[in-house]
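In case you want the letters, here they are:
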Amino acid sequence: MIKKTVLIPLKQEFFNRKTVTVARELLGKILVKNYNNSILTGRIVETEAYLGDSDPACHAYGKITKRNEVLFEKPGTIYVYFIYGNYFCFNVVTEQEGVGSAVLIRAVEPIQGIDTFKKRRNFLKDIYNLTNGPAKLSMAFGFNLKDNRKDITGGEIFIAADSTKVKFEIEISERIGLNKGTEFPYRFFIKGNRFVTKHKFNK
DNA sequence: GACAAGATTAGCT
DNA sequence: GCTAATCTTGTCT
């Protein structure tokens, strides 16, 4: 049922564009992690754009600190941060070096390694609940602070184009879970996909 | 050195 | 639908 596909990492140029563009085009792409000789993959179905200079909700808004400096690195850098005590969120830095912007991966559709995902998610049976949230997918893929600052264009973690070329419609909404900057329509997700986070905007 | 807040989730009602 | 859990980071003293 799962076709063997050739996974070629997206290059740095892909991320060296406007954050909103990258966020939209990341939909349908394949998130890949090589893990102890096995491989974990998932189709990206939901993203959010965070723009550094003009976006109060972005970690990079304001001044550079030790925590957010990764956001100003070169495009294609992985930015993982810890939140609410227990959870990680997985971002990819966009635009040119020195611009503090990134795309948050909010949800993926599991493709390979579902057994591993389930194990990491406390043997959850409902696959629609495995990776439909930024912290959930980070748990399933095993992302943590050790992955912060890594290069996503060539390493054990990367994003590949979808060779199956499945067609889908893109839906846009306001972002989720923020106190500031919620008015920006920077959230992108695949219309009708069951692996998108269940939320008020998604009803 | 101490404290408050946060791009969330799980679990219970 | 609501609330607790949980800890890193930034800011202030």
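Everything discussed here concerns the structure shown above.
Residues numbered from 1 in each chain as written. Chains lettered and ligands numbered in written order. Predicted model: local features only at pLDDT ≥ 70, side-chain atom pairs only at ≥ 80, totals over all residues. Heavy atoms only, no water.

Caption draft 1: Main features of the layout of surface pockets. There is about 610 Å³ of room inside the largest pocket. Residue lining of the largest pocket: 24 residues in total, with Tyr-50, His-59, Tyr-81, Gly-177 and Leu-178 positioned closest to the centre. Going through the elements one at a time, strand 2 (38–50), strand 3 (78–83), strand 4 (87–93), strand 5 (102–112) and helix 4 (134–141) are the ones with two or more residues in the lining of the largest pocket. Broken down by class, the residue content of the lining of the largest pocket amounts to 17 nonpolar, four polar and three charged. (1 Å grid on protein atoms, 1.4 Å probe; cavity = no way out; pocket = protein on both sides within 12 Å on 5 of 7 lines; lining within 4 Å. Points joined across faces, edges and corners; volume = space filled by probe spheres on them. Helix = DSSP H or I, 4+ residues; strand = E, 2+ residues; numbered from the N terminus. Nonpolar A, V, L, I, M, F, W, Y, C, P; charged D, E, K, R; others polar.)

Caption draft 2: Looking closely at the protein's contact with DNA strand C. Neighbouring DNA strand C are Thr-65, Lys-66, Arg-67, Phe-82, Tyr-84, Gly-85 and Asn-86. Counting only the atoms of DNA strand C within 4 Å of the protein, the fraction contributed by sugar and phosphate is 79%. At 2.3 Å, a side-chain N or O of Thr-65 approaches a phosphate oxygen of DNA strand C. In the environment of DNA strand C, a sugar or linking oxygen lies 3.5 Å from a nitrogen or oxygen atom belonging to the side chain of Asn-86. Residues belonging to the surface near DNA strand C are distributed by class as follows: two nonpolar, three polar and two charged. (Near = heavy atom within 4 Å. Polar contact = N/O pair within 3.5 Å; in protein donor to acceptor, adjacent residues only side chain to side chain.)

Caption draft 3: Just the packing of aromatic side chains, in detail. Considering all chains together, one arrives at eight aromatic pairs under this definition. Ring plane angle 80° and centroid distance 5.2 Å describe the contact between Phe-14 and Phe-15, whose orientation is recorded as edge-to-face. Among the residues examined, Phe-14 registers a relative accessible area of 12% and is labelled buried. Among the residues examined, Phe-15 registers a relative accessible area of 0% and is labelled buried. Through successive ring pairs, a cluster of aromatic residues spans Phe-90, Phe-117, Phe-141 and Phe-143. The aromatic ring of Tyr-50 is capped on one face by Arg-175, whose charged end is 4.7 Å from the ring centroid. One cation-aromatic arrangement involves Arg-194 over Tyr-128; the distance from NZ or CZ to the ring centre is 3.6 Å. (Phe/Tyr/Trp six-rings, centres within 6.5 Å; stacked < 30°, edge-to-face > 60°. Buried < 20%, exposed > 50% of the residue type's maximum accessible area, 1.4 Å probe, protein only. Lys NZ or Arg CZ within 6 Å of the ring centre and 35° of its normal.)

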